[in-house]
Amino acid sequence: MAAAAAGLSWRRVSSFTGPVPRSRHGHRAVAIRELVIIFGGGNEGIADELHVYNTATNQWFLPAVRGDIPPGCAAHGFVCDGTRILVFGGMVEYGRYSNDLYELQASRWLWKKVKPQAPSTGSPPCPRLGHSFSLYGNKCYLFGGLANESEDSNNNVPRYLNDFYELELQHGSGVVGWSIPVTKGVLPSPRESHTAIVYCRKDVGSPKMYIFGGMCGCRLNDLWELDIETMTWSRPETKGTVPLPRSLHTANVIGNKMYIFGGWVPQSAGGEISAHDGEWKCTGSFSYLNLDTTEWIGLISDCQEDKSNLLPGPRAGHCAVAVGTRLYIWSGRDGYRKAWNNQVCCKDLWYLDTEKPPAPSQVQLIRATTNSFQVKWDEVPTVEGYLLQLHADSPVPSVAGIPGTGVPETSVLSSQGGSSLHPSPQSLPGVPYAEMKVDHPSQTNNVIPNNVQVSLSSNSVLKVEGKEKVAAPENKITQETMKNHADATGFKESNAPSLLPVCTSSPQTSANHTNYAAEAAYIVPSTRVNTGQANDSHSSKIPQRQMAPGKTRDRQWYDVGIFKNNSAVVSQFYLLPEETLSNSNKMENANVPDYRLLKKQDLFPGTVYKFRVAAINGCGVGPFSKISEFKTCIPGFPGAPSTVKITKSVDCIHLSWEPPASPSGNILEYSAYLAIRSTQLQENPSQLVFMRIYCGLKTSCIVTTAQLSNAHVDYTSRPAIVFRISAKNERGYGPATQVRWLQDMKTSSSK
């Protein structure tokens, strides 16, 4: 157990903003993406407000809820289905329990009291607290709890329950009704303040519900399993040391593990635990059950000392919620003071990364200049930073006197650089140089989620992707990986960047036209960018990283830096001394060097660089992404057209764009291309074939229905029709802007 505990790296959140909820116990929490939503509980009275904590920005806020707002409750059922939350039962005041059901639409912060149909046989669930309420598919499963036999709320006569109900949900909103499933096997004994989770193995598609512990006159540590498909109860055999009997603990599933934290445990005397425990204490013990092998693994024991306050203190009635592979724990009571006749509640918020983060998406190019790149990658949830590395694929060329290279242009282009169809005497798009104006909300240290925008004000609104449109940032640019171009080399001439960068935008349309979502991918260089950000990228808050075991540093890879956000401006990289490189190849765990002591190397024009990125969390550095390859620009060529807009009318679509910068004379012409169906695509789906649909001086063109009828619909991410637009000056063609025009299923199937 000591070895297991040594690998834990709990972090206490000490820096946050917004109205922090008062400490409490008996509350519940769920997660919607990066948001932790907390309701109910209490200490001095029962709380009725809804609190939200944004794990990405460390901000608390109170959303402006409306509708049938429920009364405050404690020890209630609380589950999340997409963006709706269901609340059932709980204690609404001392001795008075509820069996009301409420639904919260978190996309609008709208409460609604729902009235499910009663079971066809038997009565609906009676008022209760301390029950479990678990979601799987379109059904919630209610088990046990504590009821009050007395009609007088001041005269509490407890009755422990072991009844079992199923609540069928309607899609999106509303419920159908309760039912009492016919089960096989022996029901678990009556109990309250237990936990229940649902888990389905990847290789065996039979979902199981696991109930652990609880209270029924004495505390319990028995484990029960319900096969949801056959509705059969059983007692699985387990290996390892079973946690002490407990109640008011939490259970959370991350991967194939059920993590158990805290709760009330009996006070043992000389190692003996009485059947009816009169003495009990809060615990900070932590363990997990491997749900595939049913083996218990202890991580923090009940008697483990924590003199340095590096672990969450003992507590019960707290809340715990998983955000990705990170476990958050907040508040709870840490004991009972008879002299004060009240509970003492914790005020702290902790998290634990349970495994190393997954590999990020490939590094994507936003823009390139002669000596810098602006790059980004998709965010990885709940990470503390990103390690970005590069290496030069070829010897560094001299800066001066690099000639431009022209190759014959074609009317049909392949994404791999093929130029076999309809050759013409003109030249292909050549060397990139210019600037695309892209404002990035992630330039600040607060991570902005891609799919959720929250207004942290009294009228906070959570916009979640789904039926409701996602509110885009003010600059109307978001970013997304295009997997279908992960290996594309763009227009394959020596001067062009060798991988398509990606941005996603919503094109502007007039009010009477259909507004289609579009994704724009840019081979976009720019004028030199101030690279001060890169030098400031190493955050003092980021812990010393450790290399993943078994993954030694390749001496060709150099650190660009550690970045808190998922974007970077790269103009330099760090050179490690030869002995450091040699030693790091032999070490499985190498700390981050002190970048302040290292020399930096500038990027050179016309040079190919490979990039990879890895995410960092409390467990260390995760695996690196797939490798991307970009080329710095050669001076003189035009940039890529920007701000592409798509407007749909009855019989055509209208493409328009803004002209790029052109250091060498005026823009002579633009070319627009459309990805078309071809036999070549059938042989190699990743190798798109393009047909030129426009060549001229105007910054707009019409794409006819006849042309669209021949379009290839790319399904490698979301269905989309692909366009490319490039500009030419006296030096030749610059980089192309690629646009993915998203199609709904009906549209895409008709193409």
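This is a predicted model, so every value here is computed, not measured.

Scanning the protein from terminus to terminus reveals 6 helices and 57 strands. Total accessible area on the protein is roughly 32000 Å²; 49% of this is exposed by carbon and sulfur atoms.

The subject of this paragraph is the sheet that holds strand β14 (residues 139-148). Here 4 strands make up an open sheet; going across it, the order is β13-β14-β15-β16 and the pairing antiparallel. Across the chains shown, the open sheet's two edge strands, defined by having one partner strand only, are β13 (132-136) and β16 (175-179). Between one strand and the next, the sheet's axes are offset by a mean angle of 20 degrees, whatever the strand orientation. In this structure, β13 lies alongside β14, joined through 5 bridges in antiparallel fashion. Directly across from L135, in β14, lies its bridge partner C140.

Tallied over the entire structure, the rule returns 19 salt bridges. The structure contains a network of salt bridges with shared partners spanning R22, R24 and E49.

The next subject is the packing of aromatic side chains. Taken as a whole, this structure holds 28 aromatic pairs when the rule is applied. Seen in terms of ring centroids, Y141 and F164 are 6.0 Å apart; in terms of plane orientation they differ by 10 degrees. Their pairing is stacked. Within this pair, whereas Y141 is found in strand β14, its partner F164 is found in strand β15 (residues 158-169), the two being separated by 23 residues in sequence. Arranged with centres 5.8 Å apart and planes meeting at 50 degrees, the rings of F143 and W233 form a pair that is tilted. Linking F143 in strand β14 with W233 in strand β20 (residues 232-234), this pair joins segments that are 90 residues apart in sequence. W233 carries the same exposure label as F143, and that label is buried. Ring pairing ties together the aromatic residues W10, Y259, F261, F286 and Y288, which thus form one cluster.

So, on to the pairing of strand β51 (residues 669-676). Burial analysis of β51 places 8 of its 8 residues in the buried class, the great majority of the element. Residues of β51 alternate between two faces, with E669, S671, Y673 and A675 on one and Y670, A672, L674 and I676 on the opposite face, all of them buried. Bridge analysis of β51 against strand β55 (residues 720-729) gives 6 bridges, and the strand direction is antiparallel. Bridging across to β55, S671 finds its partner in S726. Relative to strand β52 (residues 689-696), β51 runs antiparallel, the two being bridged by 7 bridges. Note on β52: the bridge partner recorded for L674 is M691.

The strand order β1-β31-β28-β27 describes an open sheet built from 4 strands, whose pairing is antiparallel. If you trace the sheet from one side to the other, it starts and ends with β1 (10-12) and β27 (319-323), each paired once. Within the sheet, the average angular offset between the axes of one strand and its neighbour, ignoring direction, is 25 degrees. Where β1 meets strand β31 (residues 349-353), 3 bridges bridge the pair, whose relative direction is antiparallel. The partner of W10 across the bridge, within β31, is L352.

Another point: the confidence of the model for the protein. When pLDDT is averaged along the protein, the result is 77, and 71% of the positions lie at 70 or above. Confidence drops under a pLDDT of 50 for residues 1-6, and excluding neighbours within four residues, the segment shows 8 contacts in the predicted structure.

Along the chain, D152 falls in the loop between β14 and β15. Taking the C-alpha atoms as reference, D152 lies 8.5 Å from R96; in sequence the two are 56 residues apart.

On to unusual backbone geometry, then. Backbone geometry at R33 places phi at a positive 55 degrees, although glycine is not the residue there. Considering the arrangement of structural elements, one finds R33 in the loop between β2 (28-32) and β3 (35-39). Positive phi values are uncommon outside glycine, yet L248 reaches one of about 55 degrees. As for its placement among the helices and strands, L248 is situated in the loop between β20 and β21 (250-254). L248 gets classed as partly exposed once you look at its relative accessible area, which sits at 22%.

Another aspect to go through is the nonpolar core. Counting residues in hydrophobic clusters, the biggest one holds 24 residues, and the most contacted among them are W657, I721 and F723. Elements with a minimum of two residues in this core: β49 (642-648), β50 (652-658), β51, β52, β53 (700-704), β55 and β57 (737-742). Here F723 is in contact with I653, L655, Y673, L674, F690, I693, V703, L708, T737, Q738, V739 and W741, once residues within four sequence places are set aside. A368, W377, V613 and C633 belong to the second largest nonpolar core, which has 23 residues in total.

Our focus in this paragraph is the environment of V265. Inspection of the secondary structure assignment puts V265 in strand β23 (residues 264-266). Residue classification places V265 among the buried residues on the basis of a relative accessible area of 0%. Distance from V265 to C282, taken between C-alpha atoms, is 6.3 Å for residues 17 residues apart in sequence. Leave out the neighbours within four places in its chain, and V265 touches R219, L244, P245, R246, W280, K281, T283 and D302.

On to the pairing of strand β26 (residues 295-300), then. Bridging between strand β25 (residues 286-290) and β26 involves 5 bridges; their strand directions are antiparallel. By the bridge assignment, Y288 is partnered in β26 with I297.

A complete count under the given rule lists 0 disulfides for this structure. A disulfide-free cysteine, C346 has its sulfur positioned 7.1 Å from the sulfur of C345, the nearest such atom.

Before going further, it helps to spend a moment on the environment of V363. When you line up the elements, V363 lands in the loop between β31 and β32 (364-368). Along the sequence, V363 and R612 sit 249 residues apart, while their C-alpha atoms lie 6.4 Å from each other.

With respect to the helices, strands and loops of the structure, Q738 is situated in strand β57. What makes Q738 buried here is its relative accessible area of 0%. Within polar-contact distance, the side chain of Q738 engages the side chain of R724 at 2.6 Å.

Analysis parameters
- In every chain, residue numbers begin from 1 and rise along the written sequence.
- Local features in a predicted model are, by the rule used here, given only for residues with pLDDT of at least 70; side-chain atom pairs are given and counted only at 80 or more, and totals for whole chains, interfaces and linings are based on all residues.
- Only hydrogens and water are set aside; all other atoms, that is, all heavy atoms of the structure, feed into the side-chain values.
- By definition, any uninterrupted DSSP run of H or I lasting at least four residues is a helix, any uninterrupted run of E lasting at least two residues is a strand, and each is numbered from the N terminus.
- Note on areas: Shrake-Rupley with a 1.4 Å probe; residue coverage comes only from the protein chains shown.
- A pair of strands counts as paired when DSSP detects no fewer than two bridges linking them.
- In this analysis an axis means a line fitted to C-alpha atoms, helices contributing only their contacting stretch, and an angle means the value between N-to-C directions, from 0 to 180 degrees.
- A pair is scored as a salt bridge if a Lys or Arg side-chain nitrogen falls within 4 Å of a carboxyl oxygen belonging to Asp or Glu.
- Two aromatic rings from Phe, Tyr or Trp, using only the six-membered ring of Trp, form a pair when their centres are within 6.5 Å; if the ring planes differ by under 30 degrees the pair is stacked, by over 60 it is edge-to-face, and anything between is tilted.
- With a 1.4 Å probe rolled over the protein chains alone, any residue whose accessible area is under 20% of its type maximum counts as buried; one over 50% counts as exposed, and the rest are partly exposed.
- Note: pLDDT gives the predictor's confidence per residue, expressed from 0 to 100.
- We call two residues in contact whenever any of their non-hydrogen atoms come within 4.5 Å of each other.
- Joining through side-chain atoms within 4.5 Å is the link that ties buried Ala, Val, Leu, Ile, Met, Phe, Trp, Tyr and Cys residues into a set, and such a set is a nonpolar core.
- By definition, disulfides here are pairs of cysteine sulfur atoms that lie within 2.5 Å.
- N or O atoms within 3.5 Å of each other form a polar contact, as long as, within protein, one can give a hydrogen and the other can take it, and as long as residues adjacent in sequence are counted only when both atoms are side-chain atoms.

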